[in-house]
Amino acid sequence: MKNTIIILAVLLLCTQAFADTQDFYTSKITDDIFARIKGKSFKDNCPLSLGDLRYLHVLHKDLDGNIHEGEMICNAYIADDVLEILRKLFEADYPIERIRLVDEYDADDEMSMRDNNSSSFNFRFISHTTKISKHGLGLAVDINTRYNPFVKVVDGKNILEPANAADYVDRSRNFPYKIDTNDLCYKLFTEKGFEWGGNWKSVKDYQHFELPDDVVKKLYPDYR
């Protein structure tokens, strides 16, 4: 009887390990995946090679605890770390409403953020500059975007991204999907060396985690 229990326990562990490899994994950008992102997040002027990027398949739970499949593309340099973070968030029942490729929104960041989508790679330049965004390098990740907006004050008025996030600018309030310094998402990303946009001074980007400039410049010496 004791041996039977041990065997069943081992089989359960093996089954769980197999399920994890099926649910949480990274892969190179296959032809099928490239067909989904070409001309959208991977634009014709993108200087990255496909070898710089990785596809992530994950599970995530929404606020009601429902389990969903998620997809994300990020830089190969952070892929294993991001996969580990998303796995730990899932295991901790941390709610993430959507993790879809931004290409499902035609690579329109505003539309993706309005839908509270979490994503990483989307090639673009920082507004009004010739500097590639860290999302354009796949070295930044945005989580629960509608509830954790980008906020910039211009002439006393809040400029918001996404535009439907006005209810979530006051960070003294408690509401679902909120990220702050006591949050597990914040702790896991910063433990891996990411910087949080909520700590910035001139603007706030509460959804945003990125690699520091000095790390990015080592990976891409031409990055300015």
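Above this text you will find the structure in question.
Note that the coordinates shown come from a computational prediction; the quantities given were computed from them, not determined experimentally.

J.: Would you explain helix H5 (residues 184–191) in this entry?
T.: Residue pairs three or four apart in sequence face the same way in an α-helix, which turns once every 3.6 residues. The complete set of buried residues in H5 reads Cys-185, Tyr-186, Leu-188 and Phe-189. Buried residues in H5 make contact with helix H3 (76–91), strand S4 (140–142), strand S7 (195–196) and strand S9 (208–210). At the N-terminal boundary of H5, the capping side chain belongs to Asp-183, with an oxygen 3.1 Å from the backbone nitrogen of Cys-185. Gly-193 sits one or two positions beyond H5 and adopts a positive phi of about 95 degrees.

J.: Help me understand the environment of Lys-28, please; the structure alone is not making it clear to me.
T.: Tracing the sequence through the fold places Lys-28 in the loop between strand S1 (25–27) and helix H2 (31–37). The exposure class assigned to Lys-28 is exposed, which follows from its relative accessible area of 60%. C-alpha of Lys-28 to C-alpha of Arg-54: the two residues are 26 residues apart in sequence and 5.0 Å apart in space. Beyond its immediate sequence surroundings of up to four residues, Lys-28 is in contact with Ile-33, Arg-54 and Tyr-55.

J.: Got a minute to help me understand the nonpolar core in this structure?
T.: If you look at soluble globular proteins, the nonpolar side chains tend to sit buried side by side. Core analysis: the biggest nonpolar cluster contains 50 residues, and Ile-73 and Phe-209 have the highest contact counts within it. With 8 residues, H3 is the largest single contributor of residues to this core. Not counting residues within four places of it along the chain, the set of residues in contact with Phe-209 comprises Leu-139, Ala-140, Val-141, Asp-142, Ile-143, Ile-179, Cys-185, Tyr-186, Phe-189, Phe-194, Glu-195 and Trp-196.

J.: Is there a simple way to think about the packing of H3 against H5 in this case?
T.: When two helices pack together, their arrangement is given by the angle between their axes and by how far apart the axes lie. Look at H3 against H5: their axes get within 10 Å of each other, and the N-to-C directions meet at 155 degrees. Between H3 and H5, the angle falls in the class roughly antiparallel. For the pair H3 and H5, the crossing hand works out as right-handed. Here Ile-85, Lys-88 and Leu-89 of H3 lie close against H5, whose contacting residues are Leu-184, Cys-185, Leu-188 and Phe-189. Of the residues that constitute the contact of H3 with H5, the class distribution is 6 nonpolar, no polar and 1 charged.

J.: Explain the packing of aromatic side chains to me, please; I cannot follow it from the model alone.
T.: Here the distance between the centres and the angle between the planes together describe a pair of aromatic rings. Taken as a whole, this structure holds 11 aromatic pairs when the rule is applied. Note on Phe-123 and Phe-125: the rings are 5.4 Å apart at their centroids and 75 degrees apart in plane angle, and the pair reads as edge-to-face. Ring pairs connect the aromatic residues Tyr-147, Tyr-168, Phe-175 and Tyr-177, which therefore count as one cluster. Above the face of the Phe-90 ring, Lys-61 is positioned so that its terminal group lies 4.7 Å from the ring centre. Between the NZ or CZ atom of Arg-171 and the centre of the ring of Tyr-206, over which it lies, the distance is 4.2 Å.

J.: Whenever I open this one, the pattern of salt bridges confuses me. Can you help?
T.: Between side chains of opposite charge, a pair can form as their charged atoms come close. Scanning the model with the defined rule gives 13 salt bridges in all. One salt bridge in this structure joins Glu-71 and Arg-36, with 2.9 Å as the shortest N-O distance. Of this pair, Glu-71 sits in strand S3 (residues 67–75) while Arg-36 sits in helix H2, and the two are 35 residues apart along the sequence. For Glu-71, a relative accessible area of 16% gives the class buried. The exposure class assigned to Arg-36 is partly exposed, which follows from its relative accessible area of 33%. Here Lys-88 ties to Glu-84 by a salt bridge, and the two come within 3.0 Å at their closest N and O atoms. Of this pair, Lys-88 and Glu-84 are both found in helix H3, 4 residues apart, which corresponds to roughly one turn of the helix.

J.: Explanation requested: the layout of surface pockets in the structure shown.
T.: The gaps left among the atoms become clear once a water-sized probe is rolled over them. Size it by volume and the largest pocket reaches roughly 750 Å³. Forming the boundary of the largest pocket are 27 residues, of which Arg-124, Ile-126, Ser-133, Phe-150 and Asp-205 lie nearest the centre. Every element with two or more residues in the lining of the largest pocket is listed here: helix H4 (109–114), strand S5 (150–154), strand S6 (157–161) and S9. Taken together, the residues of the lining of the largest pocket break down into 10 nonpolar, 6 polar and 11 charged.

J.: Could you clarify how one ought to interpret the sheet that holds S3 in this entry?
T.: The strands that make up a sheet pair up through hydrogen bonds in the backbone, lying either parallel or antiparallel. One open sheet accounts for 3 strands, arranged S1-S2-S3; its pairing is antiparallel. Two strands lie at the open edges of the sheet, namely S1 and S3, each paired on one side alone. Across the sheet, the mean angle from the axis of one strand to that of its neighbour is 25 degrees, orientation sign disregarded. The sheet contacts of H3 involve S1, strand S2 (53–61) and S3, and relative to S2 the element is tilted by about 5 degrees.

About the criteria used
- Residues numbered from 1 in each chain as written.
- Predicted model: local features only at pLDDT ≥ 70, side-chain atom pairs only at ≥ 80, totals over all residues.
- Heavy atoms only, no water.
- Buried < 20%, exposed > 50% of the residue type's maximum accessible area, 1.4 Å probe, protein only.
- Helix = DSSP H or I, 4+ residues; strand = E, 2+ residues; numbered from the N terminus.
- Contact = heavy atoms within 4.5 Å.
- Polar contact = N/O pair within 3.5 Å; in protein donor to acceptor, adjacent residues only side chain to side chain.
- Core = buried A, V, L, I, M, F, W, Y, C linked by side-chain atoms within 4.5 Å.
- Axes fitted to C-alpha atoms, helices over the stretch in contact; angles between N-to-C directions.
- Parallel < 35°, antiparallel > 145°, perpendicular 65-115°, else oblique.
- Left-handed = near helix turned anticlockwise from the far one by under 90°.
- Nonpolar A, V, L, I, M, F, W, Y, C, P; charged D, E, K, R; others polar.
- Phe/Tyr/Trp six-rings, centres within 6.5 Å; stacked < 30°, edge-to-face > 60°.
- Lys NZ or Arg CZ within 6 Å of the ring centre and 35° of its normal.
- Salt bridge = Lys/Arg side-chain N within 4 Å of Asp/Glu carboxyl O.
- 1 Å grid on protein atoms, 1.4 Å probe; cavity = no way out; pocket = protein on both sides within 12 Å on 5 of 7 lines; lining within 4 Å.
- Points joined across faces, edges and corners; volume = space filled by probe spheres on them.
- Pairing = 2+ DSSP bridges.

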